[in-house]
Amino acid sequence: MSTPVQHTSPRPSVATSASARQLRERDAGGAGSPSGRSAEHAFLRFQSSVGNRAAAAAVQRVRNATLERAPESAESSRPGTPDSFVTARSGSSDGSDSFVTARPGTPDSHETSRPGTPETFETAREPEPESEAEAAAAARSADELVKRAAELLDRFKKNLDPVDNLAKGAQSPTSAGLGQVATAAGDGALKHDAAAAGTAAGSWNLLTEVTGVVVNAYDSLKNLKDARKKRTGAAHHTANRKARTKGADAVVGTASSGGYGAAVAKEATKVQAAADAATAAEVSGVFSAVTGLWKGARAAGKVGGATRKYRRIKQLGDPGAVHEELLARLREESDQAEQRVDAAFARLNAVREAGQGRPAREWYPAAEAAFDAIREEYERAGSAAAAYRRAVQDTQTLSGTQKYAKKKQLAKIGKETMGGVVGEPAKAAGGIVAAVTAAGVLGSNPGGWIAAAVGAGLILGVAGYKAGRAATKRYEEVRHPERWAPEGEQPEEAWSRKDSLKHALKIWKKVSKGERQAMARKIYGLAAGPDIPGSADTTPEIRQSARELLVALKAGPAQHKLEPEAWAESLNDPEKTAGWIKEIAEQLASG
């Protein structure tokens, strides 16, 4: 390795020498660190350790950094020499070495190898990055803030829903009918009032729909993120399904918002008696027709899915008939075990009778053996009877869960058919008639608002049914918590009637401890593996039937993106119990 040329400098002044000597003495207290050496010696040591090429590259990088900070003067160090840097032990706790650059014109400077060039050494250190803990805390805080905002927005939207349903199902059709009558009779005042009422209803509908779009879009993105994080299993399928459903709701809601906006514009033009009222009515009718047909097609798809799920569950058959042979075999084993117990008692009595009048040492060993046999047969009989009773109980539980699952699918078919398949296309037909009427084809034909009123009435009826059922479930959840409490857990204290009614009216609250959650726990308990508490005594045959029910509910290996073996192992993992129960409850929902 070649030695760099070292340049000599004139003899420094006494003051400068003293200053340099004091600095070296001070730096020497660093336990032999390189900061106590001259710049040339430090460079030589660095060069010998990394090589000429690496040293030259390091010098050039430091030199460039120095040039960016201050213009190079005529008396500064030449490129390629070590005068512009020195290695120094930094004050950090990790004790790592960092490069030091020379900056001219600062106080307490050293005399460098060239005369008249005062330079000081300043460590070129980057600011320490933010710690991972602080970054994670900041991210969590932001996520919690967004989550809280979404929850408040969802609560606001659910508070708007009751009035929104009344506006869509009652006020809008009534306003349209009054407007039609006023137009036919030439009553300007009534027409103005009807248009004002329609504007108010449309504005409320628009506010509710836009709020729902925001909430559904957030839920879709959140669940999509969770689905990508999980990738497989019950939690993945639940999140992925919600992401798709909420995303579709957001898209449909966006289209509905456009329709309500057009309806507001239509009614506003009527209020102002604008010349373009016919055009606004035509645009509103087109929007209403498109969104109604879209919602009707989506409801038809849901009806088809619920119908297929119902058929799959029905094809499983009644568990009592499917497992008739299993129950008969277990019953026979239990009876035979009891007969063996009776036979063991008979042998013991025979030994005792034969030993009468004889010394105990002659018959006691045989009696003791007979007694041990009785104890063994009695334990076997107890196990056989318990297995039979458990199989009967599990069969009845499985039968009840299947009936409940079929009932939920039938309810979904009915609600989607009335409110979506029939109601939404009826509203769409009203929009089509309104558009054609506005174009001057049908004149004052009232068919448009009548069709829309029929469809709105059906939708309002379904919405009212859903709201009533949800309120009833919220009431029972707190008024009778023992009905659907998990087995083996102490039910919560029942609320008073007054407090229960208040809770029932909280329309933004979801039912978390109702019948559907209880049925989901029962299905999971039957399908779970032996490592799950309470599932070890389930027979393999009934466990297999419960897993076939999961497949019928679209919670099988294909939906979870798992092989059958891995899917079965997930049912035997206690850490995944909560995710499985949530998944089954979602699949049991009737919409």
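Refer to the preceding data block for the structure.
Residues numbered from 1 in each chain as written. Predicted model: local features only at pLDDT ≥ 70, side-chain atom pairs only at ≥ 80, totals over all residues. Heavy atoms only, no water.

1. A short note on the overall build of the chain
The helix and strand tally for the chain stands at 17 helices and four strands. The burial tally for the chain puts 35% of its 591 residues in the buried class. Restricting to contacts in the chain with at least 6 residues of sequence separation, those with at least 24 account for 70%. Summed over its atoms, the accessible surface of the chain is roughly 33300 Å², and 55% of this surface lies on carbon and sulfur atoms. (Helix = DSSP H or I, 4+ residues; strand = E, 2+ residues; numbered from the N terminus. Buried < 20%, exposed > 50% of the residue type's maximum accessible area, 1.4 Å probe, protein only. Contact = heavy atoms within 4.5 Å. Areas by Shrake-Rupley, 256 points an atom, 1.4 Å probe, with all protein chains shown as cover.)

2. Description of unusual backbone geometry
The phi torsion at Arg231 lies on the positive side, around 75°, for a residue other than glycine. Mapped onto the elements, Arg231 comes out in the loop between helix 5 (188-230) and helix 6 (233-271). Take Arg231: its relative accessible area is 61%, and that puts it in the exposed class. Positive phi is not limited to glycine here, since Lys561 has a value of about 55°. Following the sequence through the fold, Lys561 ends up in the loop between helix 15 (557-560) and helix 16 (564-570). Under the relative-accessibility criterion, Lys561 is labelled exposed at 53%.

3. Observations regarding the packing of helix 6 against helix 17 (residues 577-588)
Closest axis-to-axis distance for the helix 6/helix 17 pair is 8 Å, and the angle between their directions is 40°. What the angle tells us is that helix 6 and helix 17 run oblique. As helix 6 packs across helix 17, the resulting crossing turns out to be left-handed. Judged by residue contacts, Ala234, His237, Thr238, Arg241 and Lys242 of helix 6 engage Gly579, Trp580, Lys582, Glu583, Glu586 and Gln587 from helix 17. Tallied by class, the residues present in the contact of helix 6 with helix 17 amount to two nonpolar, four polar and five charged. (Axes fitted to C-alpha atoms, helices over the stretch in contact; angles between N-to-C directions. Parallel < 35°, antiparallel > 145°, perpendicular 65-115°, else oblique. Left-handed = near helix turned anticlockwise from the far one by under 90°. Nonpolar A, V, L, I, M, F, W, Y, C, P; charged D, E, K, R; others polar.)

4. Digging into the pattern of salt bridges
Evaluated as defined, the whole model comprises 18 salt bridges. When the shortest N-O distance is used, the salt bridge between Asp335 and Arg331 registers 3.6 Å. Taken together, the residues Asp335 and Arg331, both in helix 9 (residues 324-354) and four residues apart, mark about one turn of the helix. Asp335 sits in the partly exposed class, given a relative accessible area of 30%. Asp372 is the salt-bridge partner of Arg375, the closest N and O atoms lying 3.2 Å from each other. Residue Arg375 and its partner Asp372 are both found in helix 10 (residues 360-438); the two are separated by three residues, about one turn of the helix. The exposure class assigned to Arg375 is partly exposed, which follows from its relative accessible area of 48%. Linked by salt bridges that have partners in common, Arg241, Lys242 and Glu586 make up one network. (Salt bridge = Lys/Arg side-chain N within 4 Å of Asp/Glu carboxyl O.)

5. Quick notes on the packing of aromatic side chains
Overall, the coordinates contain two aromatic pairs when judged by the stated rule. A centroid spacing of 6.5 Å and a plane angle of 65° characterise the contact between Trp363 and Tyr364, whose relative ring orientation is edge-to-face. For Tyr364, a relative accessible area of 48% translates into the label partly exposed. Taking the centre distance of 6.1 Å and the plane angle of 70° together, the rings of Trp567 and Trp580 count as edge-to-face. Here Trp567, found in helix 16, pairs with Trp580, found in helix 17; they are 13 residues apart in sequence, far enough to count as distant. A relative accessible area of 6% means that Trp567 is categorised as buried. (Phe/Tyr/Trp six-rings, centres within 6.5 Å; stacked < 30°, edge-to-face > 60°.)

6. Section: the environment of Ala182
Within the element layout of this structure, Ala182 appears in helix 4 (residues 132-185). The class of Ala182 is buried, set by a relative accessible area of 1%. Distance in space between the C-alpha atoms of Ala182 and His192 is 8.8 Å, their sequence separation being 10 residues. Not counting residues up to four positions away in its chain, the partners in contact with Ala182 are Asp187, Leu190 and Lys191.

7. A few points about helix 12 (residues 497-504)
Along helix 12, the residues classified as buried are Ser500, His503 and Ala504. Projected down its long axis, helix 12 shows its buried positions confined to an angular sector of 100°, all on one face. (Arc of directions from axis to C-beta.)

8. Observations regarding the environment of Ser257
For Ser257, the position within the fold is in helix 6. Note: C-alpha distance between Ser257 and Gly202 (55 residues apart in sequence) is 9.8 Å.

9. Comments concerning the packing of helix 4 against helix 5
Axis separation between helix 4 and helix 5 bottoms out at 6 Å; the angle between their running directions is 155°. Put simply, helix 4 runs roughly antiparallel to helix 5. Both helix 4 and helix 5 take part in a crossing whose hand is left-handed. Tallied by class, residues from the contact of helix 4 with helix 5 come to 19 nonpolar, 10 polar and seven charged.

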